[in-house]
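As a plain string of letters, each chain reads:
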Amino acid sequence: MTGNPTDHLVLADEVAEALAAGRGVVALESTLLAHGLPAGRNHEVGLRLERIVRAAGAVPATIAVLGGKARIGLTAAELEQVCAVGTDLLKLSRRDLGPALALRRDGATTVASTAALAHQAGIGVFATGGLGGVHLTLPRGAAAWDVSADLDVLSHTPVTVVCSGVKSVLDIAATVEVLETRSVPVLGYRTDSFPSFYLRVSAFPVPWRVDTPAEAAAVIAAHRAHVPGGAGVLLANPIPAEHELDRELHDRLLLEGMDLLRERNIRGKDVTPALLEHFHAGSDGASLTANTELVADNARVAAEVAVELAQASRR
Ligand code: PSU
Ligand code: MN
């Protein structure tokens, strides 16, 4: 075993070439495919996200841990493996990377682990659905203290995460406060409200707003220059209006979902997949469409921003 700190990374040729040429590259995560969407639907979404990134002129790099390596950009067979029905792929957060790599366990990467690996590979822009955050405190201590590692990693990993805010199943007030404490710039993309995943708005404003990919890129570049090696940036892009969930349906599913967690004593990393599955099952496909469409839009925006950043750095 050598001491090279990046020995565990395998970059797809296309990704390595794009990075070497200074082209825009967008990281995509695999947990939203393997654990956030039903098998049978996730593969088409994974392929679509990659197509969307390409159509905007950037190169996609879907990230997962397979065969003892962190794969930065998946082959067609690897993407299928990540999305396979009945797969027992682990959900790997940042802290799980060392164990999974050493013990050669296959796993999908969350925002925390994908951002960390993207940064190690030299990728600065990353698209996902919703950032993890502070979970609502449940009675009887079922989840008395559950804060996603996504927030911690974003506080010291200079990657821009394009997402539709955080899931409404989280404590959004607490999450936006943690983002402030950790000095993560939060930019609303064409919005003044912090988005809440299935819904375009929340009760909380964003501190900054940008209206174009060029504006986003300028802010990101200035942030990186002033705080080198510092926090990432959160670019919050609300779900396209036509795919927003009906608010009443949303509120009902949310309350039911919280009860379900309590009844089944679901904790830790199983909370988010269980809630997403409850929404998918209870909304007759509407939440699945919403989730898919918001991630697709985030992939597009991320690619447009990555292309702008690449152009700016060549000027
Ligand atoms: N966005 C989605 N679906 C998902 C996720 C994001 O549209 O399943 C995942 C991401 O991988 C994120 C995770 O990191 O949810 C949050 O999990 P937790 O709350 O356990 O940190
Ligand atoms: Mn958690």
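In what follows, the structure referred to is the one given above.
Residues numbered from 1 in each chain as written. Chains lettered and ligands numbered in written order. Predicted model: local features only at pLDDT ≥ 70, side-chain atom pairs only at ≥ 80, totals over all residues. Heavy atoms only, no water.

Another point: helix 11 (residues 271-282). Side chains that are three or four residues apart share a direction in an α-helix, a result of its 3.6 residues per turn. Between its first and last C-alpha, helix 11 extends 16 Å over twelve residues, near the 16 Å set by a 1.5 Å rise per residue. Of all twelve residues making up helix 11, nine are buried, and the element is well covered by its neighbours. All of the buried residues along helix 11 are Val271, Thr272, Pro273, Ala274, Leu275, Leu276, His278, Phe279 and His280. Contacts made by the buried residues of helix 11 are with strand 5 (90-92), helix 10 (247-264) and helix 12 (286-314). Directly beyond the C-terminal end of helix 11, a positive phi value near 55 degrees is found at Asp284. (Helix = DSSP H or I, 4+ residues; strand = E, 2+ residues; numbered from the N terminus. Expected span 1.5 Å × (residues − 1). Buried < 20%, exposed > 50% of the residue type's maximum accessible area, 1.4 Å probe, protein only. Contact = heavy atoms within 4.5 Å.)

With respect to spatial proximity, 20 residues lie near ligand 1, and among them Glu29, Lys91, Ser148, Asp150 and Thr272 are the closest. Separating an oxygen atom of ligand 1 from a side-chain N or O atom of His135 is a distance of 3.3 Å. Take Lys167: an N or O atom from its side chain is 3.4 Å from an oxygen atom of ligand 1. In isolation ligand 1 offers 470 Å² of accessible surface; the protein chains occlude 94% of this area. (Near = heavy atom within 4 Å. Polar contact = N/O pair within 3.5 Å; in protein donor to acceptor, adjacent residues only side chain to side chain. Areas by Shrake-Rupley, 256 points an atom, 1.4 Å probe, with all protein chains shown as cover.)

On to the layout of surface pockets. Considered as a void within the structure, the largest pocket measures approximately 650 Å³ in volume. Surrounding the largest pocket, 34 residues form its lining, Lys91, Thr110, Ser148, Asp150 and Thr272 being those nearest its centre. Looking at the lining of the largest pocket, the elements that each hand over two or more residues are helix 2 (31-34), strand 5, helix 7 (149-156), helix 11 and helix 12. By residue number, the principal contributor to the lining of the largest pocket is helix 11, which donates three residues. (1 Å grid on protein atoms, 1.4 Å probe; cavity = no way out; pocket = protein on both sides within 12 Å on 5 of 7 lines; lining within 4 Å. Points joined across faces, edges and corners; volume = space filled by probe spheres on them.)

We now examine helix 8 (residues 172-181). Among the residues making up helix 8, those that are buried are Ile172, Thr175, Val176 and Leu179. Around the axis of helix 8, the buried residues are gathered within 95 degrees of arc, so they sit on the same side. Away from the buried face of helix 8 by more than 90 degrees, exposed residues Glu180 and Thr181 are located. Between the side-chain oxygen of the N-cap and the backbone nitrogen of Ala173 there are 3.3 Å, and the N-cap of helix 8 in question is Asp171. Of the residues one or two after helix 8, Ser183 is the one with positive phi, at around 60 degrees. (Arc of directions from axis to C-beta.)

With three bridges connecting them, strand 1 (residues 9-11) and strand 4 (residues 69-72) associate as parallel partners. By the bridge assignment for strand 4, Leu9 is matched with Ala70. For strand 3 (residues 59-66) and strand 4, the ladder comprises four bridges, and the chain directions are antiparallel. Across the sheet, the residue bridging to Leu66 is Lys69, located in strand 4. If you look at the hairpin formed by strand 3 and strand 4, you'll find two residues sitting between the two strands, and Gly67 has a positive phi there, around 60 degrees. (Pairing = 2+ DSSP bridges.)

In short, geometric facts, not functional conclusions.
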